[in-house]
Amino acid sequence: MSFTLAIVGRPNVGKSTLFNRLVGKRLALVDDQPGVTRDLREGSGRLGPLRFTVIDTAGLEEATDESLPGRMRALTERAVDMADVCLFLIDARVGVTPTDRILGELLRKRAPQVILAANKAEGRKGEQGFYDAYELGLGEPLAISAEHGIGMDDLLRALEPVAERF
Ligand code: GDP
Ligand code: MG
């Protein structure tokens, strides 16, 4: 058995970068299909020995500033409801924003399980944002860099107990 991981977070925190790292080239076929919605991208993820389904809340990029809050909530809810575990990304270089707080609240109420990660944590620019992430009340954050592949071992350790349940 396998589990489904939804990568959620506001635009620009690095969701798709992480999705691509976990899914690699296996996405191509899915994306090439005409008429496939791109609001939620789904792929086969791998991390170490684990195999799982990954969902990227991808449709946020096309939202205008005005449509963003409602659209982000709706898309995130759809992803959460498909997921066994949510990986909630914030941008460690920016810190916790009001939008992050809104999404954090939604996840706390709705998600079966949340793993919090401060992305873009490579180097020192992400240190403050990483510590800020504790204030979301979603447990201990992971410090990761989707772009540089940092913290993937910690992510694996966080996902291992999930995998054991499925
Ligand atoms: P999304 O909107 O949440 O899907 O974010 P993207 O994956 O499109 O990334 C937004 C921007 O952040 C892009 O310019 C990425 O190259 C950059 N980015 C993603 N991950 C990292 C990271 O770990 N470190 C840094 N410095 N930049 C990153
Ligand atoms: Mg994206």
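Up top is the structure.
Let me sum up the structure you'll find in this document. Given the structure is predicted, the values throughout are model-derived calculations rather than measurements.

Time to look at the pattern of salt bridges. Taken as a whole and judged by the stated rule, the model has twelve salt bridges. The salt bridge involving D154 is made with R157; its shortest N-O contact spans 2.9 Å. Taken together, the residues span about one helical turn, with D154 and R157 both in helix 6 (residues 152-165) at a distance of three residues. Shared partners join several salt bridges into a network, and the residues in it are R73, E77, D81 and R110.

Ranked by internal contacts, the top residues of the largest apolar core, which has 29 residues, are C86, F88, I90 and L107. When residues of this core are traced back to their parent elements, those giving at least two are strand 1 (4-8), helix 3 (68-82), strand 4 (85-91), helix 4 (98-110) and strand 5 (114-119). Here the element with the most residues in this core is helix 3; it accounts for five residues. If we skip the residues at most four places from it in the chain, F88 touches V8, G9, D100, L103, G104, L107, V114, I115, L116, A117, L136 and L138. Core analysis: the second largest hydrophobic core is formed by 26 residues, L5, L18, L22 and I144 among them.

Attention shifts here to the packing of aromatic side chains. Going through the model one piece at a time under the given rule, you end up with three aromatic pairs. Between F3 and F52, the ring centres sit 5.1 Å apart and the planes meet at 15°, which makes this aromatic pair stacked. Of this pair, F3 sits in the segment before strand 1 while F52 sits in strand 3 (residues 50-57), placing them 49 residues apart in sequence. In this pair, the class of F3 matches that of F52, namely buried. Between F130 and Y134, the aromatic rings sit 6.0 Å apart at their centres with planes inclined by 80°, giving edge-to-face as the arrangement. A relative accessible area of 38% means that Y134 is categorised as partly exposed. An aromatic cluster is defined as three or more aromatic residues linked by ring pairs; in this entry it consists of F130, Y131 and Y134.

Rules used throughout
- Residues numbered from 1 in each chain as written.
- Chains lettered and ligands numbered in written order.
- Predicted model: local features only at pLDDT ≥ 70, side-chain atom pairs only at ≥ 80, totals over all residues.
- Heavy atoms only, no water.
- Salt bridge = Lys/Arg side-chain N within 4 Å of Asp/Glu carboxyl O.
- Helix = DSSP H or I, 4+ residues; strand = E, 2+ residues; numbered from the N terminus.
- Core = buried A, V, L, I, M, F, W, Y, C linked by side-chain atoms within 4.5 Å.
- Buried < 20%, exposed > 50% of the residue type's maximum accessible area, 1.4 Å probe, protein only.
- Contact = heavy atoms within 4.5 Å.
- Phe/Tyr/Trp six-rings, centres within 6.5 Å; stacked < 30°, edge-to-face > 60°.

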